[in-house]
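# Topology and contacts: notes
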Amino acid sequence: MINRIPSMELAERVREGHLRAIARLITRVESGGDPEVRQALAELYKSTGRAHVVGITGVPGAGKSTLVTQLVHEYRASGRTVGVVAIDPSSPFSGGAILGDRIRMGDLVSDPGVFIRSMATRGTLGGLARPALDAVDLLDAGGFDVVLIETVGVGQDEVDIVRAAHTTVVVNAPGLGDDVQAIKAGVLEIADVHVVSKADRPDSNKTIQELKAMLMMSLEPGEGIWRVPVVPTSSEKHTGFGELMAAIDRHSEHLERSGEITERRRQIALTRVVKVAEEIVRDNFARDSRSQTEELLKKVTQRELDPHGAAVTLLKAMKETIHESH
Amino acid sequence: MQNNDNSAAVIRVMLAKIGLDGHDRGIKVVARALRDAGMDVVYTGLHRTPEEVVDAAIQEDVDILGISLLSGAHMHIFPKVLELLKAKEAEDMIVAGGGVIPDDDVKELYQMGVDKILLQDTPPQEIIDSFRQLVAERGAR
């Protein structure tokens, strides 16, 4: 048995930028988060809000990990420290995951100004958003200037995660025409910056033009409106990553100057509060699924009660049982 | 839907290849087996330095750091890894080794502080079981 350091003590060390303390608290958060962990997080939340949070998403194979690696190099060259939360899918069968981002990010470690953490999408108590965003808070409180969240751009949870970022970067790759179509309605429209990766490939121009044409259509007239840029990058030729960092910085400045940052912060708060509320409800539902729930389900299947009515009844009953431990 | 106990039980493992050793078929098979057993496996890729691996393992806060060595450099690499873990106050991390290691060296590695050596031809289920046991013995962290 090992000496288990209390979470509140770890929280103190997180404030001092202690990497091991950050790592351990992320583990505890990911494991469900007992009341003491929640308390530590609540305390540390007061020290957050300084980091610029960048969400990076795109279809599998678009080159997100490579892009993140290059982007981290750019930030480091500009003198800023960077935390990365890299999210990989879990096996739907075993719940296990192979987290492979480290393979590409290998040369980033052994730099105390960089912290990389891999996370699996596995249902950590109902969803991925809460532990991932708690991890972002921990890196923020730990003093990192920039926090990058990298996730596969499929599924509502992932969209929620990028919604909790100040700047959202969508990575598009040439030759993935149908995939671009597939995410167009979802993540494509939440992009603050578009990247076309693998820009050394001859068909990248087509992707760039398509994106620009699409963005043109949704352009609103007026002054002081953010024009979503399309940044071509190539890890093969090491081009575009400085431009990408500059575009993210410009977006950050735009948010501050236009005052949009206030609305964005409100949006982030909304996303997070709703997300946690959802989780608490789901968790509660799963916990006391025996007695009352079964009763209600029977009534719904027998058409004595409609699903909406049953849900309202359940929520009313839940009100009594929800406690602060979540 | 998972409950608290289930999610808390997810074991995090880092599988690492250190130094001039290009044989990664075995470690990939192990990675797959551990994943299929419900563990989160962080794979480092080839040709890492002990420093890189230890720093990454600390950031990932893995329960177990598994190092596969088929290059014969185990008597150099394990002491280095253990020393780095100690220097970085991460001695509570479980260190496991796998690959081609002579019996005499295995004994010495255990004395040095390596928690488990699993030689080539160890069936995947045995690796899974021993990892679970090591984590259970260590207790909550």
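Residues numbered from 1 in each chain as written. Chains lettered and ligands numbered in written order. Predicted model: local features only at pLDDT ≥ 70, side-chain atom pairs only at ≥ 80, totals over all residues. Heavy atoms only, no water.

### A few points about the overall build of chain A
A count of helical and extended segments in chain A gives 13 helices and 8 strands. Taking all 326 residues of chain A together, the buried fraction comes to 51%. Sequence separation of 24 or more characterises 75% of the internal contacts of chain A that already satisfy a separation of 6 or more. (Helix = DSSP H or I, 4+ residues; strand = E, 2+ residues; numbered from the N terminus. Buried < 20%, exposed > 50% of the residue type's maximum accessible area, 1.4 Å probe, protein only. Contact = heavy atoms within 4.5 Å.)

### Things to note about the sheet that holds strand β3 (residues 97–99) of chain A
The 6 strands are arranged β3(A)-β2(B)-β1(B)-β3(B)-β4(B)-β5(B) in an open sheet whose pairing can be described as parallel. Since the sheet does not close on itself, it has two edges, and those belong to β3 of chain A together with β5 (116–119) of chain B, each with one partner. Across the sheet, the mean angle separating the axes of adjacent strands is 20° when strand polarity is ignored. As defined by bridge partners, strand β1 (residues 12–17) of chain B adjoins strand β3 (residues 64–69) of chain B across 5 bridges and the pair is classed as parallel. When the bridges of β3(B) are listed, A16(B) appears paired with I67(B). The strands that helix α3 (residues 50–60) of chain B touches are β1, β2 (40–43) and β3 of chain B; relative to β1(B), the one it contacts most, it runs at about 165°. (Pairing = 2+ DSSP bridges. Axes fitted to C-alpha atoms, helices over the stretch in contact; angles between N-to-C directions.)

### Overview of the environment of L119(B)
All names here are of chain B. By the element assignment, L119 lies in strand β5. Classification of L119 as partly exposed rests on a relative accessible area of 26%. Remark: the alpha-carbon pair of L119 and G98, spanning 21 residues in sequence, is separated by 5.1 Å. Ignoring anything within four residues of it in the chain, the contact list for L119 reads G99, I101, D103 and V106.

### Structural notes on unusual backbone geometry
Here H238(A), not a glycine, exhibits a phi torsion of approximately 55°, which is positive. If you trace the backbone, H238(A) turns up in the loop between β8 (230–232) and α10 (241–258). For D61(B), which is not glycine, the phi torsion reads 45° and is therefore positive. Mapped onto the secondary structure, D61(B) falls in the loop between α3 and β3. The exposure class assigned to D61(B) is buried, which follows from its relative accessible area of 1%.

### Re the nonpolar core
Residue and element names in this part refer to chain A. Residues V14, I22, V85, L138 and I149 are the most contacted members of the largest nonpolar core, which totals 33 residues. With 7 residues, the single largest contributor to this core is helix α6 (residues 129–141). If we ignore the near neighbours within four places in the chain, the residues touching L138 are V14, I22, L25, I26, V29, L41 and L44. (Core = buried A, V, L, I, M, F, W, Y, C linked by side-chain atoms within 4.5 Å.)

### A look at helix α2 (residues 25–36) of chain B
The end-to-end C-alpha distance of α2(B) is 17 Å, a good match for the 16 Å that 12 residues give at a rise of 1.5 Å each. Buried within α2(B) we find I27(B), A31(B), A33(B) and L34(B). All buried residues of α2(B) fall inside an arc of 165° around its axis, so they share one side. At its buried positions, α2(B) is contacted by β3 of chain A together with β1, β2, β3 and α6 (124–138) of chain B. (Expected span 1.5 Å × (residues − 1). Arc of directions from axis to C-beta.)

### Topic: the sheet that holds strand β7 (residues 193–196) of chain A
Residue and element names in this part refer to chain A. Taken in spatial order, the 7 strands of this open sheet run β4-β2-β5-β1-β6-β7-β8, and their pairing is parallel. Unpaired on one side and paired on the other, β4 (114–120) and β8 mark the two borders of the sheet. Looking at each pair of strands side by side, their axes are set apart by 20° on average, direction ignored. Where strand β1 (residues 52–58) and strand β6 (residues 167–172) come together, 5 bridges link them in parallel fashion. By the bridge assignment for β6, I56 is matched with V169.

### Concerning the pattern of salt bridges
As enumerated under the stated definition, the model contains 34 salt bridges over all chains in all. Between R266(A) and E263(A) there is a salt bridge, with its nearest N and O atoms 3.8 Å apart. Of this pair, R266(A) and E263(A) are both found in helix α11 (residues 260–287), 3 residues apart, which corresponds to roughly one turn of the helix. Among the salt bridges present, the one from R32(B) reaches D36(B), with a minimum N-O distance of 3.3 Å. Taken together, the positions of R32(B) and D36(B), both in helix α2 and 4 residues apart, correspond to about one turn of that helix. A single network of salt bridges, built from pairs that share partners, joins R20(A), R24(A), D61(B), D63(B), D92(B), R138(B) and R141(B). (Salt bridge = Lys/Arg side-chain N within 4 Å of Asp/Glu carboxyl O.)

### Brief notes about the packing of helix α4 (residues 64–77) of chain A against α10(A)
Residues and elements named next belong to chain A. Put simply, α4 and α10 touch, their axes get as near as 9 Å, and they point 75° apart. Viewed along their axes, α4 and α10 adopt a mutual orientation that is roughly perpendicular. Residue-level inspection shows L67, Q70, L71, E74 and Y75 of α4 in contact with α10, the latter providing F241, G242, L244, M245, I248 and D249. Its residues assigned to classes, the contact of α4 with α10 shows 7 nonpolar, 2 polar and 2 charged. (Parallel < 35°, antiparallel > 145°, perpendicular 65-115°, else oblique. Nonpolar A, V, L, I, M, F, W, Y, C, P; charged D, E, K, R; others polar.)

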